[in-house]
Amino acid sequence: ICLSVSRQKRRLTAGLYVSNNIQFYNHLIEYKTNIEQDLGRELELSEEGKKDRRLLITRAFDIDNSDKENWVTAFEWLYDQSIKLREIVNKYGK
């Protein structure tokens, strides 16, 4: 599971990083529609190099360093998505 915050792109990203296992990645892609329904969001697919793949969900989010409540909201979203992604792997990763 990979999580990131981008101030430059003004977004939060949560995803599954699959390294050196194209077969597993392709297996998950077979369930893309189901996974999107389970997550309630569209997946963004990223193919980096020959062996690395990512399935990502993003949320537009303007990060403001002075607003600590804003950060709490961001971390809560990232936490919630990481739990959902773990459930996705358990459900479709077999």
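Structure's up top.
The rules behind these values
Here the residue numbering is sequential within each chain, running from 1 through the sequence in written order. Residue-level local features of this predicted model are given only where pLDDT is at least 70; pairs of side-chain atoms are given and counted only at 80 or more, and the full residue set underlies all totals for whole chains, interfaces and linings. Heavy atoms throughout the structure, all of them, feed into the side-chain values; hydrogens and water do not. Salt bridges are defined as contacts in which a side-chain nitrogen from Lys or Arg sits within 4 Å of a carboxyl oxygen from Asp or Glu. The helix and strand labels rest on DSSP assignments: H or I over at least four residues marks a helix, E over at least two residues marks a strand, and numbering proceeds from the N terminus. Remark: exposure states derive from per-residue accessible area (1.4 Å probe, protein chains only) relative to the maximum for the residue type, with buried under 20%, exposed over 50%, and partly exposed in between.

Peer 1: Just checking my understanding: could you explain the pattern of salt bridges for this structure?
Peer 2: Note that side chains of opposite charge can pair when their charged atoms are close. On inspection of all chains with the given rule, the structure shows five salt bridges. Two residues, Arg-10 and Asp-62, come together in a salt bridge whose shortest N-O distance is 3.6 Å. Here Arg-10 is found in the loop between strand E1 (2–6) and strand E2 (11–19), whereas its partner Asp-62 is found in the loop between strand E4 (52–60) and helix H3 (68–92), with 52 residues between them in sequence. With its nearest N and O atoms 2.8 Å apart, the salt bridge here joins Glu-36 to Lys-32. Taken together, the residues span about one helical turn, with Glu-36 and Lys-32 both in helix H2 (residues 32–39) at a distance of four residues. For Glu-36, a relative accessible area of 17% corresponds to the buried category. Of the residues examined, Lys-32 reaches a relative accessible area of 23% and is grouped as partly exposed.

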